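# Structure assessment
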Amino acid sequence: MQRAGKGRTPRRPKKPSNIEKDPVGVYCRIRPLGGEDEECCVEMISSSTIQLHAPDGLKANRNGEYKETQYCFKKVFGIKTTQIELFEDVARPLIEDLIHCKNGLLFTYGVTGSGKTYTMTGSPGEGGLLPRSLDMLFNSIGPFQAKRFVFKPDEKNGIEVQNQVDALLERQKRDNQQSVPRTPSSRQRADPEFADMINPDQACKFEGVDEDCCYSVFVSYIEIYNNYIYDLLEDAPFDPVRPKPPQSKILREDQNHNMYVAGCTEVEVKSTEEAFEVFWKGQKKRRIANTELNRESSRSHSVFTVKLAQAPLDADGDHILQDKSQVNVSQLCLVDLAGSERTSRTRAEGSRLREAGNINQSLMTLRTCMEVLRENQMCGTNRMVPYRDSKVTHLFKNYFDGEGKVRMVVCVNPKAEDYEETLLVMRFAEMTQEVEVARPVDRPICGLTPGRRQRNQAFKDELSRRLEERGGPVNGDPVQLNQLIESLPPLPPCELSDPSDDQTLPRLMEVLERRYRIRQKMTEQFNQTANNMKYTLQQFESQFSSKENVLHDQRSKLGEKDKVIANQRTEIERLEKKSKTLEYKIDILQKTTEMYEQDKRSLQQELEGREQRLQKELAERRRMEQRMQGMVTDTKLKWERECERRVNAKQLELQNKLWVKDEKLKQLKAIVTENGGASGGPAEPPRKPERPSRERDRNVAEKRSASPTPLSTVPPVHPMHRRSHSAGGEKWVDHKPASNLDLDTVMQPIIPNAIKVSTPNEKALSKCHKYVLRHQELASDGEIETKLIKGNVFKTRGGGQAVEFTDIETLKQEDPTAPSRKRRSGSREGPAQTDDIENRPPVANISSSHGYQKRRRP
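Rules used in this analysis
Residues numbered from 1 in each chain as written. Predicted model: local features only at pLDDT ≥ 70, side-chain atom pairs only at ≥ 80, totals over all residues. Heavy atoms only, no water. Helix = DSSP H or I, 4+ residues; strand = E, 2+ residues; numbered from the N terminus. Buried < 20%, exposed > 50% of the residue type's maximum accessible area, 1.4 Å probe, protein only. Areas by Shrake-Rupley, 256 points an atom, 1.4 Å probe, with all protein chains shown as cover. Core = buried A, V, L, I, M, F, W, Y, C linked by side-chain atoms within 4.5 Å. Contact = heavy atoms within 4.5 Å. Phe/Tyr/Trp six-rings, centres within 6.5 Å; stacked < 30°, edge-to-face > 60°. Expected span 1.5 Å × (residues − 1). Polar contact = N/O pair within 3.5 Å; in protein donor to acceptor, adjacent residues only side chain to side chain. Pairing = 2+ DSSP bridges. Axes fitted to C-alpha atoms, helices over the stretch in contact; angles between N-to-C directions. Left-handed = near helix turned anticlockwise from the far one by under 90°. pLDDT = per-residue confidence, 0-100. Patch = residues over 30% accessible without salt bridge, like charges linked within 9 Å, V, L, I, M, F, W, Y side chains within 5 Å. Salt bridge = Lys/Arg side-chain N within 4 Å of Asp/Glu carboxyl O. Lys, Arg positive; Asp, Glu negative; His and termini not counted. Charge placed at Lys NZ, Arg CZ, Asp CG, Glu CD. Parallel < 35°, antiparallel > 145°, perpendicular 65-115°, else oblique. Nonpolar A, V, L, I, M, F, W, Y, C, P; charged D, E, K, R; others polar.

Moving on, we come to the overall build of the chain. Of regular secondary structure, the chain possesses 19 helices and 28 strands. Evaluated residue by residue, the chain yields a buried proportion of 36% over its 858 residues. Within the structure as shown, the chain displays about 53800 Å² of accessible surface, and the carbon and sulfur contribution to it stands at 52%.

Here it is in structure tokens:
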């Protein structure tokens with residue numbers, strides 16, 4: 001049969017609804033400031049409330065974003081709180097539960113330099129929670145402790161009971177090992193004595209100890225450094241030539257699903273001084289370092305475990321029951337968590353930086369576990385708590401699943417530099433108070449009659465007293481035999497001085513008879529007492545036989561119950577294995593789902609990024625297309641204008657050359673005509689010379705040169721009114737600048753359905769499809785030349801209006817009476833030339849579709 005402490009059905013994370021739960025007890029302790037001139041950001045409002053207010057500099061930088069916040073705890077301990085007051089409220093109930101076979105977990109939490117180690121360990125004269133807990137435990141169970149090695153760890157998180165012979169052999173072996181002198185080791189500092197830690201006037205004791213049990217205390221001390229577990233009590237062989245680093249330990253799960261450190265050293269201690277000496281031995285191996293914020297900063301999480309084994313005495317109250325199922329084991333874990341820190345403030349580098357990262361990661365995992373537990377309890381969800389992400393949470397997961405009470409002491413440094421870190425600690429503490437832990441159940445009570453130890457001691461005392469009163473031998477003691485003989489009547493003098501003495505012998509016979517009668521009475525009384533005792537024993541034997549029969553029946557029933565229980569346990573184990581398999585599958589599916597969700601999120605982010613890049617590229621492409629279209633249009637118009645300008649310039653140059661040749665031919669013809677009239681027949685009356693036909697000159701020019709011929713510029717004989725090419729059915733914008741002059745000419749551009757403006761605007765352009773600009777400039781002959789620049793109106797992408805010019809018409813006025821600007825070489829051809837020019841009517845020259853002016857010579 002298994003022990004009662006381990007024989008219960010293993011607890012699973014999902015508890016029945018009828019189990020009572022208690023919230024995690026969270027306490028707050030405020031550390032005094034280092035100096036009077038330091039700014040304080042924490043204020044104690046009441047015995048259960050504190051208030052945080054942002055420092056002045058932080059308010060100025062953040063524009064008053066931070067406001068005063070209040071946080072409530074089970075109890076708040078101010079800067080004047082003593083160690084004994086803290087112990088009475090926080091740790092004393094856990095020691096009482098430990099003696100009553102209930103587990104407990106107590107840990108300190110806070111930023112670096114907030115006083116966690118001082119709260120847990122203390123200093124000389126001001127012992128912390130750990131030494132005071134040990135002192136109260138041994139003061140309570142001191143008279144009822146079993147001899148050393150009666151209880152022995154089984155290396156599987158259990159305790160077994162040894163018989164007296166094996167325990168004696170173990171004690172002798174230990175004494176022989178201690179007699180061998182050890183190699184002295186150098187100590188950096190002297191070990192503090194326990195007497196210096198606690199004042200004897202402050203000793204505590206629990207009165208509710210079960211006197212019918214024997215107790216034994218085992219302690220272990222480990223540290224979690226960089227998420228690895230190391231045993232601080234392990235005696236590793238010292239090699240000065242090639243020292244070996246300490247070996248890390250692993251976590252395992254026992255048969256009752258409780259986590260423990262495999263291979264951890266458990267030392268049996270019998271006094272407070274011995275336990276504190278073991279603690280200080282491990283404390284010297286703990287890793288500490290000097291940082292910018294703390295001269296002795298803990299670089300690891302330390303766990304000091306106090307394990308109490310207790311077993312009931314037998315029916316006689318003299319020896320311990322040799323039944324492992326009756327051994328109850330309870331433990332109390334005292335945890336000193338390393339403080340969270342910011343590397344920007346501690347300026348950690350190298351190994352210190354790695355230690356800080358692991359410390360912050362483990363504390364973050366603890367926070368995550370608390371959040372998931374609170375969510376499961378408040379929302380009714382069944383999310384898996386990530387205990388395995390850190391060794392700290394994995395080791396203590398049984399406590400959060402209902403293995404015992406959980407209490408936390410939040411240490412706060414009120415200085416302004418730690419405000420932001422303290423704010424995060426307060427939020428975590430506030431959230432932790434909302435987590436509920438199942439209340440531990442009471443252990444089964446032993447079926448033996450209580451008060452066995454006291455009755456056994458009283459029986460021994462009474463037996464000794466009665467033997468002393470009767471004078472009988474007590475274990476064959478000759479002194480008691482002599483006292484019994486002296487209680488008989490004394491013998492008279494037996495000297496016979498005279499043969500005829502008849503008094504001495506009768507007196508002697510009388511005394512001997514009296515003594516004989518007394519002895520007979522004593523014998524009769526003894527026989528009567530013996531008979532009574534035999535009768536009583538017979539009655540006891542008959543009762544014992546009947547009790548044995550009843551016990552046999554009960555054992556048979558118990559055997560049947562055991563079989564039922566065994567079958568149920570087998571079924572439970574099968575269901576547990578099935579549940580484990582399903583949990584494992586669920587875990588794998590959850591991890592796979594998380595991987596897929598993570599891949600989905602990454603792909604979605606990548607897709608969104610690519611879509612954004614594509615949209616940007618499309619927008620850039622559209623902008624580039626618009627820009628290139630504008631550039632192409634501008635370049636096209638530029639080159640079209642340049643080509644038109646060059647063509648027109650070339651045409652004008654050729655027209656000028658042709659005109660010069662025509663003039664020379666005219667002069668030559670005039671000379672030839674004059675010479676013929678002077679030498680030939682009768683003189684004819686002079687007639688007005690006629691201008692040679694331009695068609696003939698053009699034909700001659702075509703035969704002379706292969707150059708392009710200019711367009712015909714023969715004016716009409718009777719010029720008539722002619723409408724501009726701008727006339728049409730479309731709606732026009734007639735842009736006539738205010739600087740233009742009014743010309744009293746017959747031909748004027750008439751544009752119906754036109755909006756006349758002096759300055760173009762978007763409103764007028766949006767209502768029309770055509771645009772014309774009246775532009776006046778001074779021609780080479782001094783006359784005013786009017787150009788009609790026409791174009792199409794279209795809408796732009798930006799919502800505005802633009803004009804694309806398509807045609808230019810030129811209106812030119814010539815005065816026939818105006819003298820020629822070019823001097824003639826011959827004097828006789830001047831009048832004829834002048835008359836030719838005077839007879840010409842005014843000409844309105846209309847250009848081609850290109851709209852460029854044709855220059856004419858008078």
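I50, F73, L105, F396, F400 and M426 are the most contacted members of the largest nonpolar core, which totals 55 residues. Apart from residues lying up to four places away in sequence, F73 is in contact with V26, Y27, C28, S48, I50, M426, A429 and Q433. Listed in part, the 46 residues of the second largest apolar core include L94, L129, V217 and L232.

Summed over the entire model, instances satisfying the criterion amount to eight aromatic pairs. On the numbers, 4.6 Å between centres and 40 degrees between planes, the contact of Y109 with F428 is tilted. Pair noted here: Y109 is in strand β7 (residues 103–109) and F428 is in helix α13 (residues 419–432), with a separation of 319 residues, a long-range link. The exposure class assigned to Y109 is buried, which follows from its relative accessible area of 8%. Where Y221 meets F304, the ring centres are 5.5 Å apart and the plane angle is 75 degrees; that geometry is what we call edge-to-face. Of this pair, Y221 sits in strand β12 (residues 213–225) while F304 sits in strand β20 (residues 301–312), and the two are 83 residues apart along the sequence. Classification of Y221 as buried rests on a relative accessible area of 2%.

Moving on to helix α5 (residues 129–141). Between the first and last C-alpha of α5 there are 19 Å, a value that for 13 residues agrees with the 18 Å anticipated at 1.5 Å per step. For α5, a buried count of 12 out of 13 residues is recorded, marking the element as mostly surrounded by other parts of the structure.

Its location among the elements puts K787 in strand β27 (residues 784–795). A polar atom in the side chain of K787 sits 3.2 Å from the side chain of E777. When residues no more than four places from it in sequence are discounted, the contact partners of K787 are L773, R774, H775, E777, I808, E809 and T810.

A few words now on the sheet that holds strand β3 (residues 42–46). Strand pairing within a sheet occurs via backbone hydrogen bonds; the two strands may be parallel or antiparallel. The strand order across the open sheet built from three strands is β3-β4-β5, with neighbouring strands paired in antiparallel fashion. Of all the strands in the sheet, just β3 and β5 (69–72) have a single pairing partner and so form its edges. Across the sheet, the mean angle from the axis of one strand to that of its neighbour is 30 degrees, orientation sign disregarded. Relative to β5, strand β4 (residues 49–52) runs antiparallel, the two sharing four bridges. By the bridge assignment, I50 is partnered in β5 with Y71.

With that settled, the discussion passes to unusual backbone geometry. Only a minority of non-glycine residues have a phi that is not negative, and only a minority of peptide bonds are not trans. Of note in the backbone geometry, E155 takes a positive phi value of approximately 65 degrees without being a glycine. Non-glycine residue N226 carries a positive phi angle of around 55 degrees. With respect to the secondary-structure elements, N226 resides in the loop between β12 and β13 (228–231). Judged by relative accessible area, which is 11%, N226 ranks as buried.

Between helix α2 (residues 83–90) and α5, the least distance of the axes is 10 Å, while the angle of their chain directions is 65 degrees. As for how α2 packs across α5, the hand of that crossing is right-handed. Residue-level inspection shows Q83, I84, L86 and F87 of α2 in contact with α5, the latter providing L129, R132, S133 and M136.

A few words now on the confidence of the model for the chain. Looking at the chain as a whole, its pLDDT mean stands at 78, while 76% of the residues score no less than 70. Taken as a whole, residues 1–15 scores under 50 in pLDDT and shows 38 contacts with residues more than four places along the chain or in a different chain. Confidence over residues 681–727 falls short of pLDDT 50; this stretch has 54 contacts with residues more than four positions distant or in other chains.

On to the sheet that holds β27, then. In spatial order, the strands read β25-β24-β26-β27-β28; together these five strands make up an open sheet with mixed pairing. The sheet is open, and its two borders are formed by β25 (754–757) and β28 (801–812), each paired with just one other strand. Across the sheet, the axes of successive neighbouring strands diverge by a mean angle of 25 degrees, strand direction being ignored. Note that strand β24 (residues 732–735) and strand β26 (residues 770–778) share four bridges and pair parallel. Each residue of the ladder has a partner; that of V733, found in β26, is Y771.

Moving on to the side chain of Q310. Along the chain, Q310 turns up in strand β20. On the accessibility criterion, Q310 (5% relative accessible area) is buried. A polar side-chain atom of Q310 sits 3.1 Å from the main-chain carbonyl oxygen of I99. Beyond its immediate chain neighbours, meaning those up to four positions away, Q310 contacts L98, I99, C101, F151, C213, C214, Y215, Q326, V327 and N328.

Moving on to the environment of G113. Summarising the element assignment, G113 is placed in the loop between β7 and α4 (116–120). The buried category is assigned to G113, whose relative accessible area is 11%.

Taken together, the side chains of E36, D37, E38, E39, D56 and E417 make up a negatively charged region of the molecular surface. Relative to the elements of secondary structure, D37 occurs in the loop between β2 (25–30) and β3.

Counted by the stated rule, this structure contains 30 salt bridges. Across the pair R374 and E434 runs a salt bridge, and its minimum N-O distance is 3.1 Å. Residue R374 is found in helix α10 (residues 351–379), and its partner E434 is found in the loop between α13 and β23 (436–438); the two are separated by 60 residues along the sequence. Residue class for R374 comes out partly exposed when judged on its relative accessible area of 26%. Shared partners join several salt bridges into a network, and the residues in it are E20, D22 and R439.

Time to look at the packing of helix α3 (residues 92–99) against α5. At a closest axis distance of 10 Å, the pairing of α3 and α5 adopts a crossing angle of 40 degrees. In terms of axis orientation, α3 runs oblique to α5. Of the two possible hands of crossing, α3 and α5 adopt the one that is right-handed. Judged by residue contacts, R92, I95, E96, L98 and I99 of α3 engage S133, M136, L137 and S140 from α5. Of the residues in the contact of α3 with α5, the class split is five nonpolar, two polar and two charged.

In a regular helix each residue adds 1.5 Å, so 14 residues correspond to 20 Å; α13 covers 20 Å between its end C-alpha atoms and thus fits that length. The buried fraction of α13 is high, at 10 of 14 residues. Within the span of α13, buried status applies to Y419, E421, T422, L423, V425, M426, F428, A429, M431 and T432.

This part takes up the pairing of β7. Most of β7 is tucked away, with seven of its seven residues classed as buried. What you see with β7 is no split at all: N103, L105, F107 and Y109 on one side and G104, L106 and T108 on the other are buried throughout. The sheet contact formed by β7 and strand β22 (residues 404–412) spans seven bridges and is parallel. In the strand pairing of β22, F107 is matched with M408. Two elements, β7 and strand β21 (residues 328–336), share five bridges in a ladder whose sense is parallel. Note on β21: the bridge partner recorded for T108 is D336.

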